[in-house]
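Breakdown of the fold
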Amino acid sequence: SDDAHKFVQCLLENSEDSTSISKLIYTRTNSSFSSILDFSIQNLRFSTPTTPKPQVIVTPVKESHVQAAVKCSQKYGLQVRVRSGGHDYEGLSYVSNYHVPFVIIDFINLSSVSVDPEAKTAWVQAGATNGKVYHTIAEKSKTLAFPAGVCPTVGVGGLFSGGGYGFLMRKYGLAADNVVDAHLIDVNGRLLDRKSMGEDLFWAIRGGGGASFGVIIAWKIKLVTVPEIVTAFTVNRTLEQNATKIVDRWQHVADNLDEDLYIRVFLRSANSSTQGKKTIRASFESLFLGGADVLLPLMQHSFPELGLVKEDCIEMSWIESIMYFAGFRGQSLDVLLNRTQPNVRFFKAKSDFVYDPMPEIAFQGIYERFYEKEAEAAEMILSPYGGVMNQISDSATPFPHRAGTRYKIQHIVYWEEEGSEASQRHISWIRRLYDYVAPYVSKNPRAAYLNYRDLDIGTNNKGYTSYKQASIWGLKYFKNNFKRLVDVKTMVDPGNFFRNEQSIPPLSSRKKKGD
């Protein structure tokens, strides 16, 4: 389009090195456009012929390129989408559902990680992945770690700005809780750090989502210490092996266990030993920050129902545990540097928070839904809270799910079949599951996790969105922190340049009737 052409010209004019930036700009006529676009798409739902495509993709290699892209997209009325790893659950880092011209700033080239083991800190560019962060830490130290996500290909730009959690959460909190500085390009193209952005904006980007406030290009993180030996286990129990009673017991103890012990549960359908029958398999996946000799008596005391035995326990280093939970056990650590997953599928996910244990009858209904055809590759992942999460205030960061949360649920369904009919079938299956569990999870608001983004819970309009309308989804993600996020947005981006289907709106002078 004409605007795209003007945008590209503007980039060339606004870069001190127009020859080098020209190699980093992909328009739709460029032969590499599709491969650059598709490379970081992690959900096939947003890789169809009808998915809206950007006018231009920019893959900056330095801060000034990002500054130019922000200035030029504003000048020509193009929306900006910023992509780090491409794992946004609704594709919002590379798709606009508003049928407006947009550009993608793709951070694939801004992915360096520099670790200072003496200071126990690291600077991480927004395009780095979990895997690269872990790999780089492990090269420098056997006893330093970072409490980010389990999936190695997730980019830190989105992960840290939405919260970010993994097996160290009960000991050290979220990734966002361990961010100590950041570099951000604001709506005016200024490069800001924590000091120059001020504490309100620094607060907002640690859990409030980055996309609403500017373009975050790097994070400074505080590393945490782990023992040289940790212990992992995966124990599977089917319904025939008393899974329901064990999961029920898990609900009562998981958030009260020693903070060095994290046990999450996967629920999936499985084939039963009885011919042609289905059952449910509960998989208990655990990391313990210590040796098996300490873990076994601890489990015997706190959670004997699981029946953990020495043979289940595998002692390893922390970086080996990252490999183990990612499904890479025994492979070279360098697989952590891959930016692409082995198999990208179609999926739809939703989230819930549980404050009181769900009754056994609730699980019976969940199991019935898991026996349906659409649920062949569905799972519910129950992640325990408690530990240090109980000690961090609800308002310390925008992420409000702290004390009082027993566990979080990720509901997710995958499928391989192409076409909108298959998508609709699987999406309606997970919506029915979500409706079914409503009585048993948090209410008023029914809380949700920003990084498991779900456009079903409410979206903004294409143009002006009122506080009232945005609070429909905003209160679910942020509870009482939503108001402060809106105030920060109003301060830093009053014209609402940085926006998407679920971005924080500024308080507008344009008051509409009934607002």
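All figures in this text were calculated on a predicted structure; none of them were measured in a lab.

Cut-offs used in this document
- Residues numbered from 1 in each chain as written.
- Predicted model: local features only at pLDDT ≥ 70, side-chain atom pairs only at ≥ 80, totals over all residues.
- Heavy atoms only, no water.
- Helix = DSSP H or I, 4+ residues; strand = E, 2+ residues; numbered from the N terminus.
- Rg over C-alpha atoms; globule rule 2.2 N^0.38 Å.
- Buried < 20%, exposed > 50% of the residue type's maximum accessible area, 1.4 Å probe, protein only.
- Contact = heavy atoms within 4.5 Å.
- Areas by Shrake-Rupley, 256 points an atom, 1.4 Å probe, with all protein chains shown as cover.
- Lys, Arg positive; Asp, Glu negative; His and termini not counted.
- Charge placed at Lys NZ, Arg CZ, Asp CG, Glu CD.
- Domains from an automatic or database assignment.
- Buried area = accessible area lost by both parts, 1.4 Å probe.
- Polar contact = N/O pair within 3.5 Å; in protein donor to acceptor, adjacent residues only side chain to side chain.
- Nonpolar A, V, L, I, M, F, W, Y, C, P; charged D, E, K, R; others polar.
- Expected span 1.5 Å × (residues − 1).
- Arc of directions from axis to C-beta.
- 1 Å grid on protein atoms, 1.4 Å probe; cavity = no way out; pocket = protein on both sides within 12 Å on 5 of 7 lines; lining within 4 Å.
- Points joined across faces, edges and corners; volume = space filled by probe spheres on them.
- UniProt positions renumbered as here; feature names shortened; annotations may be inferred.
- Pairing = 2+ DSSP bridges.
- Axes fitted to C-alpha atoms, helices over the stretch in contact; angles between N-to-C directions.

The next subject is the overall build of the protein. The secondary structure content of the protein amounts to 16 helices and 18 strands. Over its C-alpha atoms the protein spans a radius of gyration of 23 Å, differing by no more than 12% from the 24 Å that the globule rule assigns to 515 residues. Principal-axis analysis of the C-alpha atoms gives the protein an extent of 65 × 55 × 45 Å. Across the 515 residues of the protein, 59% fall into the buried class. Within the protein, residue pairs in contact and separated by at least 24 positions form 73% of the contacts whose partners lie at least 6 positions apart. When the accessible surface of the protein is summed, it comes to about 20,400 Å², and 49% of that surface belongs to carbon and sulfur atoms. Considering the protein, the positive charge centre built from 59 side chains and the negative charge centre built from 54 side chains are found 5 Å apart.

In this section: the domain arrangement of the protein. Taken domain by domain, the protein consists of domain 1 (3–106), domain 2 (113–225), domain 3 (230–316 + 347–438) and domain 4 (458–514). Domain 2 and domain 4 are separated by 25 Å when their C-alpha centres are compared. Taken together, the two surfaces of domain 2 and domain 4 that pack against each other cover about 1,200 Å², and 70% of this comes from carbon and sulfur. At the surface where domain 2 touches domain 4, the tally comes to three residue pairs in polar contact (both at pLDDT 80 or more). Tallying contributions element by element places helix 9 (residues 199–204) first for the side of domain 2 that touches domain 4, with five residues. When its residues are assigned to classes, the side of domain 2 that touches domain 4 shows eight nonpolar, four polar and three charged.

The terminal C-alpha atoms of helix 1 (residues 2–13) lie 17 Å apart, and with twelve residues this matches the ideal 16 Å at 1.5 Å per residue to within 8%. Every buried residue belonging to helix 1 is among Ala-4, Phe-7, Val-8, Cys-10 and Leu-11, and all of these are buried. Buried positions in helix 1, seen along its axis, are confined to an arc of 160° and lie on one side of it. For helix 1, exposure combined with an orientation more than 90 degrees from the buried face picks out His-5 and Glu-13.

Its boundaries defined by the atoms lining it, the second largest pocket holds a volume of some 320 Å³. Surrounding the second largest pocket, 18 residues form its lining, Arg-45, Phe-46, Glu-90, Gln-424 and Ile-427 being those nearest its centre. Listed by contribution, the elements that provide at least two residues to the lining of the second largest pocket are strand 16 (346–354) and helix 14 (420–437). Top contributing element to the lining of the second largest pocket by residue count: helix 14, with five residues. Split into classes, the residues belonging to the lining of the second largest pocket amount to six nonpolar, seven polar and five charged. Shared between two domains, the lining of the second largest pocket takes at least three residues from each, and those domains are domain 1 (3–106) and domain 3 (230–316 + 347–438).

A word on the UniProt feature "domain: FAD-binding PCMH-type" (unreviewed entry) in the protein. Within this structure's numbering, the places UniProt gives as "domain: FAD-binding PCMH-type" (unreviewed entry) are residues 50–226. With 25% helix and 24% strand, residues 50–226 has its two end C-alpha atoms placed 47 Å apart.

Let us look at the sheet that holds strand 16. The strand order across the open sheet formed by seven strands is 15-12-14-13-17-18-16, and the pairing between neighbours is antiparallel. Edge positions in the open sheet fall to strand 15 (314–316) and strand 16, since each of these has one partner strand only. Averaged over all adjacent pairs, the angle separating strand axes in this sheet is 20°, with direction ignored. As judged from the nine bridges shared by strand 16 and strand 18 (residues 407–415), these two strands associate in the antiparallel manner. Following the sheet pairing, Lys-348 is matched in strand 18 by Val-413. Most of the contacts of helix 12 (residues 318–325) go to strand 12 (residues 230–238), to which it runs at about 25°, and overall it touches strand 12, strand 14 (278–288) and strand 15.

Its location among the elements puts His-135 in helix 5 (residues 130–140). When its relative accessible area of 8% is taken as the criterion, His-135 is described as buried. Polar contacts involving the side chain of His-135 include one to the side chain of Asp-334, which spans 2.8 Å. Discounting residues that sit within four places of it in the chain, His-135 has contacts with Ile-319, Leu-333, Asp-334, Leu-336 and Leu-337.

With respect to topology, five strands assemble into an open sheet ordered 5-6-10-8-9, the strand pairing being antiparallel. Edge positions in the sheet fall to strand 5 (113–116) and strand 9 (191–192), since each of these pairs with one other strand and no more.

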